[in-house]
Amino acid sequence: MSNIGKHSHWWRALALVLLTSSASAVPLLDRGSPRGQLPGSNLTAPRLQQPSVDIDEAIAIAERRYNGRAVGARHVGNGVYRVRILQDNGKVRTVTIR
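Everything in this summary refers to the structure shown in the same document.

### Brief notes about helix α2 (residues 55–66)
Helix length check: α2, at twelve residues, gives a terminal C-alpha distance of 16 Å against a target of 16 Å (1.5 Å per residue), a fit within 8%. Of all the positions in α2, only Ala58, Ala62 and Glu63 are classed as buried. Projection of α2 onto a plane perpendicular to its axis shows the buried side chains occupying an angular sector of 130 degrees, all on one side. Opposite the packed face of α2, turned more than 90 degrees from it, sit the exposed residues Asp56 and Arg64. Contact partners of the buried residues in α2: β1 (68–77), β2 (80–87) and β3 (92–97). Looking at the residues trailing α2, positive phi occurs at Asn67, about 50 degrees.

### Looking at the side chain of Glu63
If you trace the backbone, Glu63 turns up in helix α2. Looking at Glu63, its side chain comes within polar contact range of the main-chain nitrogen of Ala70, at 3.0 Å. The residues touching Glu63, leaving out its near neighbours within four places in the chain, are Gly68, Arg69, Ala70 and Ile85.

### Details of the sheet that holds β1
As summarised here, the arrangement of the three strands in space is β1-β2-β3, forming an open sheet in which the pairing is antiparallel. The open sheet has two edge strands with one neighbour each: β1 and β3. Neighbouring strand axes in the sheet, compared pairwise and without regard to direction, differ in orientation by 20 degrees on average. Against the sheet, α2 contacts β1, β2 and β3, and its axis sits at roughly 40 degrees relative to β2.

### A few points about the pairing of β1
Sheet faces and side chains relate simply in a regular strand, where the side chains alternate between the two faces. Bridge analysis of β1 against β2 gives eight bridges, and the strand direction is antiparallel. Residue pairing for β2: Arg74 is matched across the bridge by Arg82. Taking the residues that link successive antiparallel strands as the turn, the β1-β2 hairpin has two residues, and the phi of Asn78 there is positive, at about 55 degrees.

### Focus: unusual backbone geometry
We note that Asn67 has phi near 50 degrees; this positive angle belongs to a residue other than glycine. Mapping Asn67 onto the fold places it in the loop between α2 and β1. Given a relative accessible area of 52%, Asn67 falls into the exposed group. Located in the positive-phi region is Asn78, a residue other than glycine, with phi close to 55 degrees.

Reading the values: the criteria
Each chain carries its own residue numbering, running from 1 in the direction its sequence is written. Under the rules for a predicted model, residues below a pLDDT of 70 receive no local features and side-chain atom pairs below 80 are neither given nor counted, while totals for whole chains, interfaces and linings still include all residues. The basis for every side-chain value is the complete set of non-hydrogen atoms in the structure, without hydrogens or water. Secondary structure elements follow DSSP: runs of H or I no shorter than four residues count as helices, runs of E no shorter than two count as strands, and numbering proceeds from the N terminus. For a helix, the expected span equals 1.5 Å multiplied by the number of residues minus one. Remark: exposure states derive from per-residue accessible area (1.4 Å probe, protein chains only) relative to the maximum for the residue type, with buried under 20%, exposed over 50%, and partly exposed in between. As used here, the arc belongs to the directions running from the helix axis to the C-beta atoms. Two residues form a contact once any of their heavy atoms are found within 4.5 Å. Whenever a nitrogen or oxygen atom comes within 3.5 Å of another N or O atom, the pair is scored as a polar contact, on the condition that within protein one atom can donate a hydrogen and the other can accept it, and that pairs from neighbouring residues in sequence are kept only if both atoms are in side chains. Two strands pair if DSSP finds at least two bridges between them. Note on method: axes are straight lines fitted to C-alpha atoms, helices fitted across the in-contact stretch only, with angles between N-to-C directions ranging 0 to 180 degrees.

Laid out in structure tokens, this is it:
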């Protein structure tokens, strides 16, 4: 018996698994679903909770990242801050810190 004959049952089983699993699988991206919703269901995906920073930490992060001094900061919601930085070259830059 040839090698193909000895292993043909293995290939048939593999083909059967691949065909049946791909036919019933839920697509990874469902462009018709609302954002954050699992395809094919009405359940929303769990959101990862990131540690929130306070306004002082947001200012310190922005000052380090953009080499300047903060001239203003405000909380815009959900742990997001807008910080205005006066850079060493005289430019004022508004940055978002999450």
